[in-house]
Amino acid sequence: MEAKTKAEVLRRLRSVAGHVEGIARMVEEDAYCIDIIRQIQAVQRALAKVNDLVLAQHLRACVTTAIRGEDPEERERVLEEIVEVFEAAQKI
């Protein structure tokens, strides 16, 4: 993974981890359910952004390398992975 992208992904994941800990405290303290739900939704959006960053990096690096490569089986494998990722995303 490119160093800049890796640093951004790690920064965002640390932020999400802190946010999740905050949500756990809210549950422990019997916070209002709607407030908890809103915080969960914020974490889901943050994780979606991390997912986008990792996917973009993968497309720019791994997929591009495989497509430009000489091995047709590797090209097919990488393309199938992308299809699987998009199919899984639709089920969420």
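Visitor: Would you take a moment to explain a negative patch on the surface for this structure?
Guide: A surface patch of negative charge is lined by Glu 76, Glu 80, Glu 84 and Glu 87. The topology assignment puts Glu 87 in helix H3 (residues 72-91). The partly exposed category is assigned to Glu 87, whose relative accessible area is 44%.

Visitor: Quick question: what am I supposed to make of the side chain of Thr 5 here?
Guide: You can see Thr 5 is positioned in helix H1 (residues 3-28). Among residues more than four places away in sequence, those in contact with Thr 5 are Leu 53, Gln 57 and Arg 60.

Visitor: It is not clear to me how the pattern of salt bridges should be interpreted in this structure. Could you clarify?
Guide: Side-chain pairs of opposite charge can arise whenever the charged atoms involved come near each other. Scanning all chains against the criterion turns up five salt bridges. Where Arg 11 meets Glu 8, a salt bridge forms, and the shortest distance between an N and an O atom there is 2.8 Å. With a gap of three residues between them, Arg 11 and Glu 8 both fall in helix H1, about one helical turn apart. For Arg 11, a relative accessible area of 48% corresponds to the partly exposed category.

Visitor: Please explain the confidence of the model for the protein as it appears in this structure.
Guide: Any residue range with low pLDDT should be treated as having predicted coordinates unsuitable for detailed reading. Confidence in the prediction for the protein averages 95 pLDDT; 100% of positions are at 70 or higher. Within the protein, H3 has the poorest average pLDDT of any element, 91, and H1 the best, 98.

Visitor: Any chance you could explain the packing of helix H2 (residues 33-68) against H3 here in plain terms?
Guide: At their nearest, the axes of H2 and H3 sit 8 Å apart, and the two run at 155° to each other. It follows from the interaxial angle that H2 and H3 lie roughly antiparallel. Helix-helix and strand crossings are classified by hand; for H2 and H3 the assignment is left-handed. On H3, the residues that touch Leu 55, His 58, Leu 59, Val 63, Ala 66 and Ile 67 of H2 are Glu 74, Arg 75, Val 78, Leu 79, Glu 81, Ile 82 and Phe 86. Grouping the constituent residues of the contact of H2 with H3 by class yields nine nonpolar, one polar and three charged.

Visitor: Can you walk me through the layout of surface pockets in this structure?
Guide: By rolling a water-sized probe across the atoms, one finds the places where empty space is left. In this structure, the largest pocket occupies an estimated 210 Å³ of space. Lining the largest pocket, in full, are Ala 48, Asn 51, Asp 52, Leu 55, Val 85, Phe 86, Ala 88, Ala 89 and Ile 92. Of the residues contributing to the lining of the largest pocket, the split by class is seven nonpolar, one polar and one charged.

Visitor: Before we go on, may I ask you to explain H3 in this structure?
Guide: Side chains three or four residues apart in an α-helix point the same way, a direct result of the helix having 3.6 residues per turn. With 20 residues, H3 should cover 28 Å at 1.5 Å per step; its first-to-last C-alpha distance of 29 Å lies within 8% of that length. You can read the cap of H3 off the contacts: a side-chain oxygen lies 3.0 Å from the backbone nitrogen of Glu 73, and it is on Asp 71.

Procedures and definitions
Residues numbered from 1 in each chain as written. Predicted model: local features only at pLDDT ≥ 70, side-chain atom pairs only at ≥ 80, totals over all residues. Heavy atoms only, no water. Patch = residues over 30% accessible without salt bridge, like charges linked within 9 Å, V, L, I, M, F, W, Y side chains within 5 Å. Areas by Shrake-Rupley, 256 points an atom, 1.4 Å probe, with all protein chains shown as cover. Salt bridge = Lys/Arg side-chain N within 4 Å of Asp/Glu carboxyl O. Lys, Arg positive; Asp, Glu negative; His and termini not counted. Charge placed at Lys NZ, Arg CZ, Asp CG, Glu CD. Helix = DSSP H or I, 4+ residues; strand = E, 2+ residues; numbered from the N terminus. Buried < 20%, exposed > 50% of the residue type's maximum accessible area, 1.4 Å probe, protein only. Contact = heavy atoms within 4.5 Å. pLDDT = per-residue confidence, 0-100. Axes fitted to C-alpha atoms, helices over the stretch in contact; angles between N-to-C directions. Parallel < 35°, antiparallel > 145°, perpendicular 65-115°, else oblique. Left-handed = near helix turned anticlockwise from the far one by under 90°. Nonpolar A, V, L, I, M, F, W, Y, C, P; charged D, E, K, R; others polar. 1 Å grid on protein atoms, 1.4 Å probe; cavity = no way out; pocket = protein on both sides within 12 Å on 5 of 7 lines; lining within 4 Å. Points joined across faces, edges and corners; volume = space filled by probe spheres on them. Expected span 1.5 Å × (residues − 1). Polar contact = N/O pair within 3.5 Å; in protein donor to acceptor, adjacent residues only side chain to side chain.

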